[in-house]
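# Tertiary structure, described
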Amino acid sequence: MKDVHLHKPTGIRSLSVKLAILVFMCTLLAGIAVLWGVLFLQRMVLLEQEKVNLQLMVQRTATQIEQLIIEKEKKAVTANQIFTRALTEVSLQDSVPLQRDSDGSIRQSDRLSGAFLARHHADTSATEWFEKSNRVWPQLAPLMVQDFFNFYFIANDQFIRISPAGWAEQVEADHDFHQDVFYAIATPERNPARVPRWTPVYYDSIWQQWMTSLIVPVYIDDEFVGVTGADYVLDSLFADVSAAALMTQQKKIMLFERSGHLVIAPDLQLSDAHRMNTLLSSQDQGVEQVELKQFKEQLLAQPESIARYRAVTEQFLIQAASIDRLNWFLLMYREKDDVFSILKSIQSKVVFFFILIALLVALMLQFFIYHLVLKRLNRLSNTVHQLGRGDYQELYFDQSHDEIGVLSKAFSGMSDEISLLLDGLNARIAEKEEAERSTKKLTKAVAFSSSGIVLTDASLAIEYLNPFLVDMLSLHGQDVEGKPLTSLIADEMGFVSKDIEQTIFSRHHWRGDILLAYQDKQFWVSLAIAPIRDERGSVTNYVCALQDISFMKESQKKKEQLAYFDVLTGLANRGYFREQLRKALAMSQRGHYHFALLYFDLDEFKLINDTLGHDAGDELLKEVARRLISRLREEDTIARLGGDEFAVILSGVENREQAALIAENLQHAFAAAVRLGTQEVSISASIGITMAPEDANDEELLLKHADLAMYEAKARGKNTFHFFSQDLKDAAKDRLELENQLREAIREHQFMLYYQPKINLETQAIVGYEALIRWLRPDNSLIPPSRFIPVAESTGLIVKIGEWVIWEGCRFLARQRSRGLDVDLSINLSVRQFKDNKLAETVERILQRTGVEPRRIIFEITESMLMGDTDAAIHQLNQLKSLGVSLSIDDFGTGYSSLSYLKRFPVDELKIDRSFVQDIPGEQNDMDIVAAIIAMAQQMNLRVVAEGVETAEQAKFLKDHACFVVQGYYFSMPLAEQELGQLSFTVN
């Protein structure tokens, strides 16, 4: 062969260099195109995101301002109603003559308010307004000025009372209120509907403030007598708007009236006017941008389309919303340059990054092309050249699996193809002989195997049984040939037969333990079914291997009896029950099995156990187990989960009607009395029922549902059954949410105490208070104690809350003592708190820390808390009594009211329940009961307090019967500490 001289290409002629340059240019161009596209899309995305954010922010801000205005209107209307009602109830006494000022007007002022009557009305009957308006003003004014700049009443007789007093002191003597915008807007001519009205923004020359006023007309006997008003200055409005909008430097707002006058704008400066009632006249002052002016003009021209009003201009993103209560518009905008500023800052960096990446990719590609392609091609060309010269010694062929490797293998195959064909033919002959020998061995192994072997066709029809299985079942092979494999399975395992068929036809494999039965013989075997496939992969037969495990099953049954069954009752224990529940759920999820779960415990079992002893309790549990077994089927799983808790899995129950019938049957079984020794007791059960898989397909969730249903049955009076429903789940969820909120309230100190005074009817003086807890949420919603106290009791949180109440009550007494007030404080103890072993220790520590006299503390406990373990209750009472505190039985008469117990308890006071007081004097029975309680308390040297006094007749009756300490709404509702000073009673 002619020699060929090979020269390695270098430089620009190299394929690797050409590809590297090409890749560099393509990568760079593609990167620049992708960068431009990404930046363009990013600008669009940022713009859309900012439009959505701006829309959400302006809508949220407008809604919050609207809610703020509504809250203010509610307070103003409530104040107006209270003031109007007070005016109608005031009866004038002999009034003190009023003194005129030097200018002829009449003025009065105090620390809360000022009053003014114009000169030309000083001689009229309008002077009576001074006394009428002052009766209720001290209660209303402090509350209103918390939310408004001021609060005032203007009568149509040119009279005004205002808080603060400065305005009344500075107004001119001849001032005509009928000309004021804050009066005229509510007159019958301007406001025939008699609704609250907001004034336009105007200037008040006395306060020297721009403001808007909320005016509510005052009518007495359908006659217009004046208005109540409250001012909202623009400085406060701007602060509220800024707080609602969470303003930043990028987002700015404008607020303007429907007339176009600007109220708030970034560069708006309202000048001080010199005349009263000057209306706002700022059209575009503070708005220099043409685009904003145009948007504002379009909005004012078509205000009804504000829901669609948003704009993206060359310079701004703009969004508007209406504030209907004030008849104003809110406009929020942001400059587009601020939105895109971050993209501009990274654009040049990204371009440089793409160039660098393209260069690195090109260099790496040149390196890898040379080592992975060109270098190997050079080797292959040398080998081919060597073959061409006829040199077959030490040939090198690339063995890689890529294209170059394939090419090398093709050349290598040319030299030894014939040799490989001969070697392959010899190997196939040897394999065939080996397969024939293996088939003979396998046939003998199957025939003489100590395990049962069954061959079936593709539809599980039996074709062959080996001798071992024929002997084990005592049958002839031809007796079962052609019959289905499932015909050998015991009838009681019919559901397993269905499972085998479904699994085989879907997955072609099955493994598990089954019970074989033929005529009168039964054997437990471990069965494994595997497919036999032809050359195309289609299943032609199945081979079934059966291993006798009867002995293992018997041993397992004995172990399970110990591990899975309750020793006392013989029923399944919790572990076995959970296992059966999981199996039932697994079968139900396959769509052909339904069941019901019953969860119940015995009513009043603890009472029987504590009264008759644990042996009697055990006998009762055994009897319950016997009755359950007698009323239920063998396929039902009956378990004792612990104590007096039982559970039943009702197999094959598909609807609630069937489950209800079985539950009623069980209740009938419990109806018969049980004899325990010499005692005969009656039992009942509360049953919770849940259906599977309808209610849940999870083990824990199903048990939780049944438990919820059982507790609902108990709540409905016991001795009944109840099905789980979504309402129970929602109620449990709400309870859990309330519990979490309660824990947060304890951490965040969201509780506060209100105090209801106790009055001595003889001296008409306050002798003490009852502390009542209130929960004020951060959103100012008030959660009633009737809702959160039961949750706190059940979760144990009541102990922490109760300790806080004692702390706070003692601090209150310390503050009262520092003011020279000699009062006591009643504090209610909860059941969990009373049973706390550390209660006395806690009370002692709090008394020492606060320095409060123990005799000033009265702990109130209910009668029901003292029943049950009376010895423990007496011990707890004695511990508290040893600290020097007083003890009171609250709601006396509604519980046990046992005189024998009452003599044993070291109490100091009885508190008559409000249910006996509320119908006095209309109900003679209640009057007799109250008189009897008072007489009994006097005979036992106990103090007596009556609560719920709401009428003068009730107070007189109690006083006539020597009950002198009372409390109730007739004297005062529960008040915050800062409101106690407003009471007209004297304090010890």
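Remember, predicted model here, so these are calculated numbers, not experimental data. All residue numbers refer to position in the chain's written sequence, counted from 1. The model is predicted, so local features are restricted to residues of pLDDT at least 70 and side-chain atom pairs to those at 80 or more, both for listing and for counting; the totals for chains, interfaces and linings are taken over all residues. Values shown for side chains rest on all heavy atoms present in the structure; no hydrogens or waters enter the calculation.

We define a salt bridge as a side-chain nitrogen of Lys or Arg found within 4 Å of a carboxyl oxygen belonging to Asp or Glu. For the structure shown, the criterion picks out 35 salt bridges. When the shortest N-O distance is used, the salt bridge between Asp636 and Arg633 registers 2.8 Å. The network of salt bridges with common partners includes Glu808, Arg811, Arg815, Arg819 and Glu977.

This brings us to the packing of aromatic side chains. Think of it this way: a Phe, Tyr or Trp ring, Trp meaning its six-membered ring, pairs with another when their centres are within 6.5 Å, and the plane angle makes it stacked under 30 degrees, edge-to-face over 60, tilted otherwise. One pass over the structure, following the stated rule, counts 29 aromatic pairs. Note on Phe721 and Phe723: the rings are 6.2 Å apart at their centroids and 90° apart in plane angle, and the pair reads as edge-to-face. Burial classes: relative accessible area under 20% of the type maximum marks a residue as buried, over 50% as exposed, and values in between as partly exposed (1.4 Å probe, protein chains only). Exposure remark for Phe723: the relative accessible area of 14% places this residue in the buried category. Counting as a charge over the ring demands two things of the Lys NZ or Arg CZ atom: a distance within 6 Å of the ring centre and an angle within 35 degrees of the ring normal. If you follow Lys132 out to its NZ or CZ, it ends over the ring of Trp129, 5.4 Å from the centre. Cation over ring: Arg194 sits above Tyr219, and NZ or CZ is 3.8 Å from the ring centre.

Okay, the sheet that holds strand β18 (residues 521-533) next. In this description, strands pair whenever DSSP reports at least two bridges between them. Elements are defined by DSSP. Helices are runs of H or I of four residues or more, strands are runs of E of two residues or more, and each kind is numbered from the N terminus. Pairing is antiparallel across the open sheet formed by five strands, whose spatial order is β16-β15-β19-β18-β17. Sheet topology places β16 (462-465) and β17 (510-518) at the edges, where each strand pairs with a single neighbour. Going across the sheet, the axis of each strand differs from the next one's by a mean of 30°, ignoring polarity. Examined bridge by bridge, strand β15 (residues 452-457) and strand β19 (residues 539-548) share six bridges and lie antiparallel to one another. Directly across from Gly452, in β19, lies its bridge partner Leu546. Contacts between residues were defined by any pair of non-hydrogen atoms, one from each residue, lying within 4.5 Å. A fitted line through C-alpha atoms represents every axis, and for helices the fit uses only the stretch in contact; the resulting angles, taken between N-to-C directions, go from 0 to 180 degrees. With respect to the sheet, helix α11 (residues 494-507) is in contact with β17, β18 and β19, its orientation differing from that of β17 by roughly 135°.

Turning to the sheet that holds strand β26 (residues 721-723), a few remarks are in order. Across the sheet, which stays open at both edges, the five strands sit in the order β21-β22-β20-β25-β26 with mixed pairing between neighbours. For this open sheet the edge positions go to β21 (637-642) and β26, each flanked by a neighbour on one side alone. Taken over all neighbouring pairs, the strand axes of this sheet differ in orientation by 20° on average, direction set aside. Running over the sheet, helix α17 (residues 699-715) touches β20 (595-602), β25 (685-692) and β26 and is turned about 145° from β25.

Summarising burial for strand β27 (residues 751-760): eight of the 10 residues are buried, a large majority. Where β27 meets strand β28 (residues 765-776), 10 bridges bridge the pair, whose relative direction is antiparallel. If you follow Gln756 over to β28, its bridge partner there is Glu770. From the end of β27 to the start of β28, which pair antiparallel, there are four residues, and Gln764 there has a positive phi angle of about 55°. Inspection of the sheet shows β27 paired to strand β35 (residues 965-966) by two bridges, in the antiparallel sense.

This part takes up the nonpolar core. By nonpolar core we mean a set of buried residues, namely Ala, Val, Leu, Ile, Met, Phe, Trp, Tyr and Cys, connected to one another through side-chain atoms within 4.5 Å. In this structure, Leu742, Ile857, Phe859, Ile912 and Leu958 are the most contacted members of the largest nonpolar core, which totals 79 residues. For this core, the element with the most residues is helix α20 (residues 798-818), which contributes eight residues. Beyond its immediate chain neighbours, meaning those up to four positions away, Phe859 contacts Ile806, Ile827, Leu829, Val843, Val885, Ser886, Leu887 and Ser888. Phe151, Leu237, Leu317 and Leu330 belong to the second-largest nonpolar core, a separate cluster that totals 53 residues.

Now for the packing of α20 against helix α22 (residues 839-850). Two elements in contact, α20 and α22, have axes separated by 10 Å at closest approach and are oriented at 30°. By the angle between their directions, the pair α20 and α22 is classed as roughly parallel. By crossing handedness, the relation of α20 to α22 is classed as right-handed. Note on element contacts: α22 touches α20 through Thr842, Val843, Arg845, Ile846, Leu847, Arg849 and Thr850, opposite Glu803, Ile806, Trp807, Cys810, Arg811, Ala814 and Arg817. Residues that form the contact of α20 with α22 fall into these classes: seven nonpolar, two polar and five charged. Each angle receives one of four descriptions, namely roughly parallel if under 35 degrees, roughly antiparallel if over 145, roughly perpendicular if within 65 to 115, and oblique otherwise. A crossing counts as left-handed when the near helix is turned anticlockwise from the far one by less than a right angle, and as right-handed when that turn is clockwise. Here the nonpolar group is Ala, Val, Leu, Ile, Met, Phe, Trp, Tyr, Cys and Pro; Asp, Glu, Lys and Arg are the charged ones; every other residue, Gly included, is treated as polar.

Secondary-structure assignment places Ala115 in strand β2 (residues 114-117). Judged by its relative accessible area of 0%, Ala115 falls in the buried class. Taking C-alpha positions, Ala115 is 9.3 Å from Tyr152, a pair spaced 37 residues apart along the chain. Apart from the residues within four sequence positions on either side, Ala115 is in contact with Ile106, Arg107, Gln108, Phe130, Phe159, Ile160, Arg161 and Ala168.

The element strand β7 (residues 209-220) is extensively covered by neighbouring structure, given that 11 of its 12 residues are classed as buried. Two elements, strand β5 (residues 197-198) and β7, share two bridges in a ladder whose sense is antiparallel. Residue pairing for β7: Arg197 is matched across the bridge by Ile215. Counting the residues in the hairpin turn of strand β6 (residues 202-204) and β7 gives four residues, including Gln208, whose phi is positive at 55°. As judged from the 10 bridges shared by β7 and strand β8 (residues 223-233), these two strands associate in the antiparallel manner. The residue bridging Ile220 from the neighbouring strand is Glu223, located in β8.

Our next topic: the environment of Arg161. Topologically, Arg161 is positioned in strand β4 (residues 159-163). The exposure class assigned to Arg161 is buried, which follows from its relative accessible area of 3%. Sequence-wise, Arg161 and Ser109 are 52 residues apart; in three dimensions their C-alpha atoms are separated by 9.1 Å. Excluding its chain neighbours within four sequence positions, the residues that come into contact with Arg161 are Gln108, Ser113, Gly114, Ala115, Phe130, Ser133, Asn134, Trp137, Phe151, Tyr152 and Phe153. For Arg161, the side chain forms a polar contact with the side chain of Ser133, separated by 2.7 Å. Pairing of N or O atoms within 3.5 Å defines a polar contact, subject to two protein rules: one partner must be a possible hydrogen donor and the other a possible acceptor, and residues neighboring in sequence count only if both atoms are side-chain atoms.

This part is about unusual backbone geometry. In this structure, Pro693 follows Ala692 across a cis peptide bond, with omega equal to 5°. The topology assignment puts Pro693 in the loop between β25 and α17. The omega torsion across Ile920 and Pro921 is 5°, close enough to zero to call that bond cis. Looking at where Pro921 falls in the secondary structure, it is placed in the loop between α26 (914-917) and α27 (924-939). Unusually for a residue other than glycine, Asn277 sits at a positive phi of about 70°. Examined against the element boundaries, Asn277 turns out to sit in the loop between β10 (262-264) and β11 (278-279). Non-glycine residue Asn327 carries a positive phi angle of around 60°.

In this analysis, the expected span of each helix is defined as 1.5 Å times one less than the number of residues it contains. A rise of 1.5 Å per residue sets the reference length of helix α15 (residues 614-631), with its 18 residues, at 26 Å; its end C-alpha atoms lie 26 Å apart and thus fit the reference within 8%. Among all positions in α15, only Ala616, Gly617, Leu620, Leu621, Glu623, Val624, Ala625, Arg627 and Leu628 are buried. Looking at the buried positions of α15, the neighbouring elements they touch are β20, α14 (605-612), β21, β22 (645-651), α16 (656-671) and β23 (674-676).

Two quantities define a packed helix pair, namely the angle between the helix axes and the distance between the axes. Where α15 meets α16, the axes come as close as 10 Å, and the angle between the chain directions of the two elements is 140°. The angle between α15 and α16 places the two elements in the oblique class. Judged by the twist between their axes, the crossing of α15 over α16 is right-handed. Here Val624, Arg627, Leu628 and Arg631 of α15 come into contact with α16, specifically with Asn665, Leu666, His668, Ala669 and Phe670. The class makeup of the residues in the contact of α15 with α16 is five nonpolar, two polar and two charged.

These figures come from the coordinates and say nothing about function on their own.
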